[in-house]
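# A look at the structure
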Amino acid sequence: AAILKRQLSIYLRTEEKKKATESKGGDSKTKPAAATGQGTTKEEEMARIRALIQAAKKGTGGSSQQRTQAAHDLVNILKQQRNLQQRGGSGGSASGGPTLSPEEMKILMEEMDKNEESPFQDFVAVFAKLISAAQEFVRRIHEGERSVVSLRDVARAVKVFCWFGEHFASHVGQNADKKWGVYDFFNVEPVARDCVRRAMIMALAYCYHARLGRNDRKEFGIVIQKTWDKLQEPIGFVERGSLYYHVFGGTAKKEPKYGPRCEWLELNSDRFSNVIDSVMRNFVQHINIPQGIAMNEALLENLFMIMISILNKIPIFVVGKPGTSKSLAMGLIQANMNGEASENAFLRSLPPVDIFSYQCSPLSTSDGIEQAFQAAARYKLSAPDTICVVLLDEVGLAEQSPHLPLKVLHKVLDEDHEYTLVGISNWALDPAKMNRAVHLYRPAPTVADLAKTAQGMVANAQLSGFLRKIARSYCTVYDGQKQQDFWGLREFYSTVRHINRML
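Right, let's walk through the structure included here. Source: prediction; values computed, not measured.

### Notes on the sheet that holds strand E7 (residues 438-441)
One open sheet accounts for five strands, arranged E4-E5-E6-E3-E7; its pairing is parallel. Unpaired on one side and paired on the other, strand E4 (353-359) and E7 mark the two borders of the sheet. Between one strand and the next, the sheet's axes are offset by a mean angle of 20 degrees, whatever the strand orientation. Here strand E3 (residues 316-319) pairs with strand E6 (residues 419-425) via four bridges, running parallel. Its bridge partner being in E6, Ile316 is matched across the sheet by Val422.

This is the structure in structure tokens:
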């Protein structure tokens, strides 16, 4: 929670400064006079005290000095009003303000006792609980291994959440009927909460959901739902009115205390998976897919995850068996992300991408891999607006090299560079390397996904039932083969292409 609050507060404070700067010189809204000076009526005095209460609360904006000063003023007011009550309320306050009755002071003190958190703080607490639950779930499915997730994943989740906030503010908020911006997003204003929910879900999906197998992904959504449901339950009791009764005497009453709720999130497993699918499709729909290539589940997720990693300069390892569209996704990104020369407005709003490939093998050396990174760094000097990507193809094969070439990745992944890394492998690398990057695992496709892929490759609606039978037959052959992966997805794709040519 501390890490989330610190990182997100940086964005929030930055936007507050921008907003304050923009309001200078115009008809800026100032605090009412009752908030800074003595009120002339009881209503004005109560409004002034309420303003001080809000200013003294944490997370409502302003500097720490302003909050400290507001708290100091409140203490002085309490002392003055208590002395006046003891004297019978005659003569007004020592500073000339009106005297408040015990009932009026009770109302104000109960407001102080509640000390309600801002929506920002409320959301940070919920987000922290969900990230903690996600990390524990990943550790559990890896038989309790603690090193599979770390604070690096938390930092990446915050970074991606903030990026989505800026993206949604510019592409959704500015086109909405009631416009909103980044400031409203990080303040968790009601007008931006739908996008806050989507950004939070996508941050969890990017860092944790994407590395799981098919069945584990379904369970992950259920765990997130149960964690959020748990936050709606009473966690104890709290005394209300204790401040008033401490000053004027009496007995405080107890009320149920709830955990941070964020009821507006309305999280459940179905919403979780639906949001992931819709956001991925909204991004990938701008990619031009050549005829004969089907936008199946694997290609959709590969394109989205690699795009987000490149735009945020976060290293990523894409792990999956041959035929899961890993290299195809990289080729499509290279062909479409051309900056101002791209085919549509969305892609033109993104920086251009240049890819520096290195084909790994059991004979790879650290010098060869370092040369690929050096080439990317040199190119970046001549094209500062371009995102340079080092692609390590079949990076798993380099682990078999006696030269241990992948040891150079530790330094590259731990330091911030102007380029980023995409690693493609048929199997996962050792935890020391996987923990330093985002991990996308592509599970084996289902019969339905294979049938959809085949229908996308064959432009004939009348063959849908026939292609579904071919997909089912392939799965039967694949599951029953004696030599593992002797037959694979590429054989299935070749069969479908042959049928398309024959037609």
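### Observations concerning unusual backbone geometry
In this structure, Glu143 is a non-glycine residue whose phi angle is positive, near 60 degrees. Glu143 gets classed as exposed once you look at its relative accessible area, which sits at 78%. With a phi close to 65 degrees, Ser325 is a non-glycine residue in the positive phi region. As for its position among the elements, Ser325 is in the loop between E3 and helix H14 (326-336). Taking relative accessible area as the criterion, Ser325 reaches 12% and is therefore assigned buried.

### Some points on the nonpolar core
In terms of nonpolar packing, the biggest core is built from 93 residues, with Phe161, Phe164, Tyr208 and Phe304 touching the most fellow members. With twelve residues, the single largest contributor to this core is helix H6 (residues 119-141). Ignoring anything within four residues of it in the chain, the contact list for Tyr208 reads Ile131, Ala134, Gln135, Val138, Val149, Asp153, Val154 and Phe220. Judged by nonpolar contacts, the second largest core, of 24 residues, contains Cys360, Ala398, Met434 and Ala437.

### Side note on helix H22 (residues 489-502)
Residues spaced three or four apart along an α-helix face the same direction, because each turn holds 3.6 residues. In this model, H22 (14 residues) spans 20 Å end to end at C-alpha, consistent with the 20 Å of a helix rising 1.5 Å per residue. Here H22 has its buried residues at Leu489, Phe492, Tyr493, Val496 and Ile499. On an axial view of H22, the arc spanned by its buried residues comes to 120 degrees, and they lie on one face. Pointing more than 90 degrees away from the buried face of H22 are the exposed residues Arg490, Arg501 and Met502. Its buried side turned inward, H22 meets helix H20 (447-457) and helix H21 (464-480).

### Re the packing of aromatic side chains
Tallying each qualifying case throughout the model produces 22 aromatic pairs. Judged by centre distance (6.0 Å) and plane angle (35 degrees), the ring pair of Trp163 and Phe283 falls under tilted. Within this pair, whereas Trp163 is found in helix H7 (residues 151-171), its partner Phe283 is found in helix H12 (residues 269-284), the two being separated by 120 residues in sequence. With a relative accessible area of 3%, Phe283 lands in the buried category. Measuring from ring centre to ring centre gives 5.5 Å for Phe373 and Tyr419, while their planes differ by 40 degrees; the resulting arrangement is tilted. Of this pair, Phe373 sits in helix H16 (residues 366-382) while Tyr419 sits in strand E6, and the two are 46 residues apart along the sequence. Look at Phe373 and you get buried, because its relative accessible area is 4%.

### Observations concerning the side chain of Ser342
With respect to the helices and strands, the residue Ser342 is situated in the loop between H14 and helix H15 (345-348). With relative accessibility at 5%, the residue Ser342 sits in the buried group. Within polar-contact distance, the side chain of Ser342 engages the backbone nitrogen of Asn338 at 2.9 Å. Leaving out residues up to four positions away in the same chain, Ser342 has contacts with Asn336, Met337, Leu347 and Arg348.

### Examining the pattern of salt bridges
Counting across every chain of the model gives 17 salt bridges. Residues Arg139 and Glu136 are paired through a salt bridge, measuring 3.0 Å at the closest nitrogen-oxygen approach. Linking Arg139 with Glu136, this pair stays in helix H6, spanning three residues, or about one helical turn. Glu136 sits in the partly exposed class, given a relative accessible area of 36%. Put simply, Arg271 and Glu266 hold a salt bridge, and the shortest N to O gap is 3.3 Å. Of the residues examined, Arg271 reaches a relative accessible area of 25% and is grouped as partly exposed. A relative accessible area of 42% means that Glu266 is categorised as partly exposed. Here the salt bridges do not stand alone but share partners, grouping Arg214, Arg217, Glu297, Glu301 and Arg442 into one network.

### Details of the packing of H6 against H7
Direction vectors running N to C along H6 and H7 enclose 135 degrees, while the axes themselves pass 11 Å from each other. By the criterion of interaxial angle, the relationship of H6 to H7 is oblique. Crossing hand, H6 versus H7: right-handed. Mapping the contact onto sequence places Phe123, Phe127, Ile131 and Gln135 in H6 and Asp153, Val154, Ala157 and Phe161 in H7. Partitioned by chemical class, the residues of the contact of H6 with H7 number six nonpolar, one polar and one charged.

### Considering the side chain of Glu301
Tracing the backbone shows Glu301 in helix H13 (residues 297-312). A relative accessible area of 6% places Glu301 in the buried class.

Cut-offs and rules
- Residue positions are counted from 1 within each chain, in the order its sequence is given.
- In keeping with the predicted nature of the model, local features appear solely for residues at pLDDT of at least 70, side-chain atom pairs appear and are counted solely at 80 or more, and the whole-chain, interface and lining totals rest on all residues.
- Note that the side-chain values use all heavy atoms of the structure and ignore hydrogens as well as water.
- Any two strands are treated as partners once DSSP identifies two or more bridges connecting them.
- Runs of E in the DSSP output that reach at least two residues are strands. Runs of H or I that reach at least four are helices, and both are numbered from the N terminus.
- Simply put, an axis is a line fit to the C-alpha atoms, just over the touching stretch for a helix, and the angle between two N-to-C directions goes from 0 to 180 degrees.
- Partly exposed residues are those whose accessible area sits between 20% and 50% of the maximum for their type, while under 20% is buried and over 50% is exposed, using a 1.4 Å probe and protein chains only.
- What we call a nonpolar core is a set of buried Ala, Val, Leu, Ile, Met, Phe, Trp, Tyr and Cys residues that are connected through their side-chain atoms within 4.5 Å.
- What makes two residues a contact is simply this: any of their non-hydrogen atoms within 4.5 Å.
- Between the first and last residue of a helix there are one fewer steps than residues, each counted as 1.5 Å, and that sum is the expected span.
- Of all possible arcs, the one meant is that of the directions from the helix axis to the C-beta atoms.
- Ring pairs are drawn from Phe, Tyr and Trp, using the six-membered ring of Trp, whenever the two centres fall within 6.5 Å, and their geometry is named by plane angle: stacked under 30 degrees, edge-to-face over 60, tilted for the rest.
- In protein, a polar contact requires one atom able to donate a hydrogen and another able to accept it; more generally it is a pair of N or O atoms within 3.5 Å, and residues adjacent in sequence count only if both atoms are side-chain atoms.
- A pair is scored as a salt bridge if a Lys or Arg side-chain nitrogen falls within 4 Å of a carboxyl oxygen belonging to Asp or Glu.
- An angle below 35 degrees is read as roughly parallel, one above 145 as roughly antiparallel, one from 65 to 115 as roughly perpendicular, and any other as oblique.
- By convention the crossing between two helices is left-handed if the near helix lies anticlockwise of the far one by an angle smaller than a right angle, and right-handed if it lies clockwise.
- Any residue that is not Ala, Val, Leu, Ile, Met, Phe, Trp, Tyr, Cys, Pro, Asp, Glu, Lys or Arg is counted as polar, Gly included; the first ten are nonpolar and the last four charged.

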